[in-house]
Amino acid sequence: MFKKKQLISIIESIKSFKNPRVDLEQYTTDAVSTADFLYFVGIDNNDLTDNIVIDLGAGTGRLGLSSLLLGAKCLIAIECDPNAMKILHENALNLGFSKKILIMKIDVEKYVINKINWNESIKDLRLEIGSFGKKFESKSILPPIDKHLDQMEQIKPEKICIMNPPFGFQKRNADRHFLKLGMAISDKIYSIHLSNEKNRRFIKKFVCDNGWRVDSIHSQQLNIGHIYSFHRKSRKLILSDIYKILPELQ
Ligand code: SAH
């Protein structure tokens, strides 16, 4: 297992967007926040080891590839921007993870809004995710003692959805579509959102209306660099909340 400092320096080597698109709210999560987020998911909640991670709005792979560094079994990276996907692929090659990832070009918003085909598309997506996960289930390399624990838990591999979605500055409700897709295809969600009371009330109600619940909220600072011309400062700290979201019955 990496020390946090080591992890941060590897995360820094994961390349960022070349020409970030403001319409897609492309912001690379800074390395320290990425490490904090994944420690929360993987160490505090033990939700990475041997699990299938689905990264929604994967960008160039900061969150998703780092989840592999912390022991996730495989990664399904969902993104709509081909330029970002290309960099993600290069980043995966550089880290030696190319066999562990599936990069899917999906526009989350279109997927969710297109209700006519919603059930069918979700079924297809679930199948694709399931068959990729299966490939990795067959080659367990766990020693017997862990295997025993694994059997007792009876739940791994779970599908863990992680995301730092668009906050909805450019397109209203963008984060809502991401949550909706996450609830349809995964077993558990860890999602980063702007920290404020209105958002907290909204997200709690939104997931509740879909049969899920907010289990816990963990606040952290995001360090946003000078990316777009409308940014006045070279760096800005933004308070964000990491939501752990589970199906109602868990
Ligand atoms: N997860 C990355 C990028 C976060 S920025 C990181 O943490 O560094 C948000 C990402 O969501 C961008 O890569 C953007 O291209 C993607 N995105 C925005 N709208 C999208 C949509 N409708 N469908 C899929 N991806 C989208």
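Going by the structure above, here's the rest.
What counts, and at which threshold
- Residues numbered from 1 in each chain as written.
- Predicted model: local features only at pLDDT ≥ 70, side-chain atom pairs only at ≥ 80, totals over all residues.
- Heavy atoms only, no water.
- Helix = DSSP H or I, 4+ residues; strand = E, 2+ residues; numbered from the N terminus.
- Buried < 20%, exposed > 50% of the residue type's maximum accessible area, 1.4 Å probe, protein only.
- Phe/Tyr/Trp six-rings, centres within 6.5 Å; stacked < 30°, edge-to-face > 60°.
- Lys NZ or Arg CZ within 6 Å of the ring centre and 35° of its normal.
- Axes fitted to C-alpha atoms, helices over the stretch in contact; angles between N-to-C directions.
- Parallel < 35°, antiparallel > 145°, perpendicular 65-115°, else oblique.
- Left-handed = near helix turned anticlockwise from the far one by under 90°.
- Contact = heavy atoms within 4.5 Å.
- Nonpolar A, V, L, I, M, F, W, Y, C, P; charged D, E, K, R; others polar.
- Core = buried A, V, L, I, M, F, W, Y, C linked by side-chain atoms within 4.5 Å.

## A closer look at unusual backbone geometry
Although it is not a glycine, Glu25 adopts a positive phi angle of roughly 50°. Turning to its location among the elements, Glu25 is positioned in the loop between α1 (4-12) and α2 (31-44). We classify Glu25 as buried; its relative accessible area is 11%. Here Asn173, not a glycine, exhibits a phi torsion of approximately 70°, which is positive. The residue Asn173 is located in the loop between β4 (159-163) and α8 (174-185) in this model.

## Observations concerning the packing of aromatic side chains
How two aromatic rings sit relative to each other is set out by the distance from centre to centre and by the angle between their planes. According to the stated counting rule, one finds 3 aromatic pairs in the structure shown. For the pair Phe202 and Phe206, a centre-to-centre distance of 5.6 Å together with 20° between the ring planes defines the contact as stacked. Placement of the pair is Phe202 and Phe206 together in helix α9 (residues 197-209), with a separation of 4 residues, close to one helical turn. Above the plane of the ring of Tyr39 lies Lys4, whose end atom (NZ or CZ) is 4.8 Å from the centre. Above the face of the Phe206 ring, Arg176 is positioned so that its terminal group lies 6.0 Å from the ring centre.

## Here's the deal with the packing of α1 against helix α3 (residues 62-69)
The geometry of α1 relative to α3 is characterised by a closest axis approach of 11 Å and an angle of 140° between their N-to-C directions. Our classification of the angle between α1 and α3 gives oblique. Relative to α3, α1 is oriented so that their crossing is right-handed. For the pair α1 and α3, the contacting residues are Leu7, Ile10, Ile11 and Glu12 in the first and Arg62, Ser66 and Leu69 in the second. Counted by class, the contact of α1 with α3 contains 4 nonpolar, 1 polar and 2 charged residues.

## Overview of the packing of α1 against α2
It is the contact of α1 with α2, at a shortest axis distance of 9 Å, that shows an interaxial angle of 125°. Comparing the axis directions of α1 and α2 gives the class oblique. As for how α1 packs across α2, the hand of that crossing is right-handed. Contacts from Lys4, Leu7, Ile8, Ile11 and Glu12 of α1 reach α2 at Ala31, Val32, Thr34, Ala35, Asp36 and Tyr39. A breakdown of the residues in the contact of α1 with α2 according to their chemical character gives 7 nonpolar, 1 polar and 3 charged.

## Structural notes on the nonpolar core
Of all hydrophobic cores here, the largest spans 35 residues; its most connected members are Phe37, Leu65 and Ile162. Leaving out residues up to four positions away in the same chain, Leu65 has contacts with Ile14, Thr60, Leu75, Leu88, Asn91, Ala92, Leu95, Phe97 and Ile101. Counting 32 residues, the second largest nonpolar core, distinct from the first, contains Cys74, Val112, Phe132 and Phe178.

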